[in-house]
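Here is how the chains run, residue by residue.
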Amino acid sequence: MGGPALYSERKGDPALTGRHSPFPVTHQAAERWFYHMEKALESTPYIDADSKLKMMKFFRRTAFFLVAGDELKNENQRVP
Ligand code: HEM
């Protein structure tokens, strides 16, 4: 609606969390995802170093945000 994206800035994109919820996004999966994303970025000469760094920071934050969401999901599903 044109306002600042405060919710998404604080909580991440809710759609992204939802789209990942069917998959096991574990700590190990995040490390692998991040490793391959880094390799992909390194292999392209078309993105400048500063932008690459900014993207990597965003990817790391988002990847571990998704891991946290996944851990919460498992906790909710635990049988008492
Ligand atoms: C942390 C480890 C991650 C794992 C294991 C993972 C895994 C997956 C999988 C299995 C899919 C579905 C692919 C398909 O439908 O064929 C997916 C979709 C997607 N992922 Fe990830 N992902 C990870 C992190 C991220 C991060 C950090 C981002 C963004 C920075 C991201 C962005 C997306 C997007 C945009 C889609 C497509 C969503 C859609 O269909 O609407 N993922 N991911």
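Residues numbered from 1 in each chain as written. Predicted model: local features only at pLDDT ≥ 70, side-chain atom pairs only at ≥ 80, totals over all residues.

Within an unreviewed UniProt entry, the label attached to the chain reads Hemoglobin, and the organism entered is Gossypium stocksii. Database annotation for the chain, UniProt heading Sequence similarities (unreviewed entry): "Belongs to the truncated hemoglobin family. Group II subfamily." (UniProt positions renumbered as here; feature names shortened; annotations may be inferred.)

Draft legend 1. The site of the ligand, seen in detail. Close contacts around the ligand come from Leu16, Arg19, His20, Phe23, Val25, Ala29, Ala30, Trp33, Phe59, Thr62, Ala63 and Leu66, and that covers them all. For the shell around the ligand, the secondary structure elements donating two or more residues are helix H2 (14-20), helix H3 (27-42) and helix H4 (49-77). For the shell around the ligand, the element with the most residues is H4, which contributes four residues. The residue inventory of the shell around the ligand, partitioned by class, reads nine nonpolar, two polar and one charged. (Near = placed C-beta within 6 Å. Helix = DSSP H or I, 4+ residues; strand = E, 2+ residues; numbered from the N terminus. Nonpolar A, V, L, I, M, F, W, Y, C, P; charged D, E, K, R; others polar.)

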